[in-house]
Amino acid sequence: MIKQKKLEKFWKLGFEEFNTQYFGVSKDNELIVREGNYQYNIADIVVKFGTPLEIAFPFIIEKRYLDLVQTFNFHIKDQEYKGRFFYHYPMKVNQNKEFVLPLISEGANLETSSYNELWLVRKLWEQNQFHSRIRVICNGPKTEKYLGLIQELKEKGLTIIPIIEDMNEYESLKNYRGEVGIRTKMEIKIKSHWNKKNDRYGLAPEEIYDLGRIRNLKVLHYHVGSQTTDQKGIVEAVEKAAEIYVRLKKENPTLDTLDIGGGMAVPYEKKKHYNANSVVKKIISTIKKVCDEKEIPHPNIVAEWGRYIMAPTQITIFKVLCEKPIYNSVVKKWYIIDGSFMNDLIDTWTVHQKWHIAPVTNMDAEKLTKVWLAGSSCDSDDRYTAGGASITLPKLEDLNGNGYLNIALFDSGAYQDPLASHHCLLSSPVKIIAQNGVLTVARRRESSEEVGRLFGW
Ligand SMILES: Cc1ncc(COP(=O)(O)O)c(C=O)c1O
């Protein structure tokens, strides 16, 4: 047991602050996942379904959602805050049914960014899988089609709150009978991968004030970026937004909600990091202070934290096919994997995302080596170097008996599926859902025919 604990520590498993609390090492030194009393042995799943493979864990989705709601509710009560908390899941983060339904079943609301995402809401509604109590916030550019569907679902009795993001949308939504929101640009710089110099969404605060009273205005919304590096960035944005809120509220008595968008980060690199409890406490105290000073009732709070909920709910497994030497570099070898970073973990390429990686078997290997990983497309950018550092993994030649190595990459549940592609016509990984001890295939391995069909063959 002591050996197992040591191995878990070495591979950074079993830590709540790293979101690896459900992961551990079996007595055979293999990667396991614990769902209550159920246990999944990842090596066994790999034998059954092959690689590349994605395994999603809905129980982690549910747990993360419920914990977040509980955290907000705790601090709301603790600080005698008068507003309520509503979580809206931003569907763009991962639209797979197996990821969205667990959240809906636990009571989460939704946020859509396009006609097609809202179309999924209609589909759920038509299949009676959607309680009309659930509220949908509609962001993203409002095309005629999108506006039409917003109107249609509103008339069917759903609570659909479109967010006005520019003056065209303001005009288009003037006659909308339901509640609306408005998005403000935040003239604030925070530390995040995705923070852009020029925000093309939303109106400047002055432009919003100039509109005077906005009919049925319910929500003030902003979104400053994703994977916000430090807590300060989140809190500064909240403070600024609360100041805009109190000013707007004076003209708009129907306004009662502040939607703080997404942005809560995930500790991909398994290093010390701010946590939800401390940031939520600060969010609530900040809004409370600004509102109390101006004697404005506390708004309800909406959070659209997508990456935070979803990233840790899926792992991706690759097989190491072989190694190749690297010349003229401090890291001396490639491990070539049977999947593709460029296709299925595209953030590796687009935003130099860092991932936590551990072996699936041979977790006790004594001989470790430092490598870079290369994907199986014939593109030199299809690789992962941990930002020019290295990835520590067992040496291939020393594996006990089985001679091959599978590796698990953590936190692949957010954004990677919607952004995935078919460079070099590689097939997407198989996707398995692990829940209540049962494994179900959500997406089987694409055949050549199926991939060809996507390109008109
Ligand atoms: C409007 C809006 N809300 C929420 C999100 C989710 O952000 P995150 O996944 O960083 O929480 C995004 C992401 O781009 C967004 O654009």
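Residues numbered from 1 in each chain as written. Predicted model: local features only at pLDDT ≥ 70, side-chain atom pairs only at ≥ 80, totals over all residues. Heavy atoms only, no water.

(A) Fine view of the side chain of S226. Within the secondary structure, S226 sits in the loop between strand 10 (217-221) and helix 9 (231-251). Since its relative accessible area comes to 10%, S226 is described here as buried. Within polar-contact distance, the side chain of S226 engages the side chain of R307 at 3.1 Å. (Helix = DSSP H or I, 4+ residues; strand = E, 2+ residues; numbered from the N terminus. Buried < 20%, exposed > 50% of the residue type's maximum accessible area, 1.4 Å probe, protein only. Polar contact = N/O pair within 3.5 Å; in protein donor to acceptor, adjacent residues only side chain to side chain.)

(B) Highlighting the pairing of strand 21 (residues 438-443). The pairing of strand 20 (residues 430-435) with strand 21 spans five bridges and is antiparallel. Considered in strand 21, the bridge of Q435 is made with V438. Between strand 20 and strand 21, which pair antiparallel in sequence order, lie two residues; one of them, N436, sits at a positive phi of approximately 50°. (Pairing = 2+ DSSP bridges.)

(C) Region of the structure containing a nonpolar patch on the surface. Taken together, the side chains of L425, L454, F455 and W457 define a hydrophobic patch exposed on the protein surface, amounting to about 530 Å² of accessible area. Among the secondary structure elements, F455 is positioned in the segment after helix 15 (448-454). (Patch = residues over 30% accessible without salt bridge, like charges linked within 9 Å, V, L, I, M, F, W, Y side chains within 5 Å. Areas by Shrake-Rupley, 256 points an atom, 1.4 Å probe, with all protein chains shown as cover. Salt bridge = Lys/Arg side-chain N within 4 Å of Asp/Glu carboxyl O.)

(D) Main features of the nonpolar core. Core analysis: the largest hydrophobic core is formed by 107 residues, its most contacted members being L118, I182, W305 and L373. The biggest single contributor to this core is helix 9, with nine residues. Looking at this core, you find at least three residues from each of domain 1 (13-58 + 311-454) and domain 2 (81-304). Dropping the residues within four chain positions of it, I182 is found in contact with I163, I164, L203, I208, L211, I214, L217, V219, L220, H221 and L248. (Core = buried A, V, L, I, M, F, W, Y, C linked by side-chain atoms within 4.5 Å. Domains from an automatic or database assignment. Contact = heavy atoms within 4.5 Å.)

(E) Spotlight on the pairing of strand 19 (residues 405-409). Counting buried positions along strand 19 gives five out of five residues, so the element sits mostly inside the fold. On strand 19, burial covers both faces: L405, I407 and L409 on one face and N406 and A408 on the other are all buried. As paired elements, strand 13 (residues 314-325) and strand 19 share five bridges and run antiparallel to each other. Across the sheet, F318 pairs through a bridge with I407, a residue of strand 19. In the sheet, strand 15 (residues 357-359) pairs with strand 19 via three bridges, with the strands oriented antiparallel. Each residue of the ladder has a partner; that of I357, found in strand 19, is L409.

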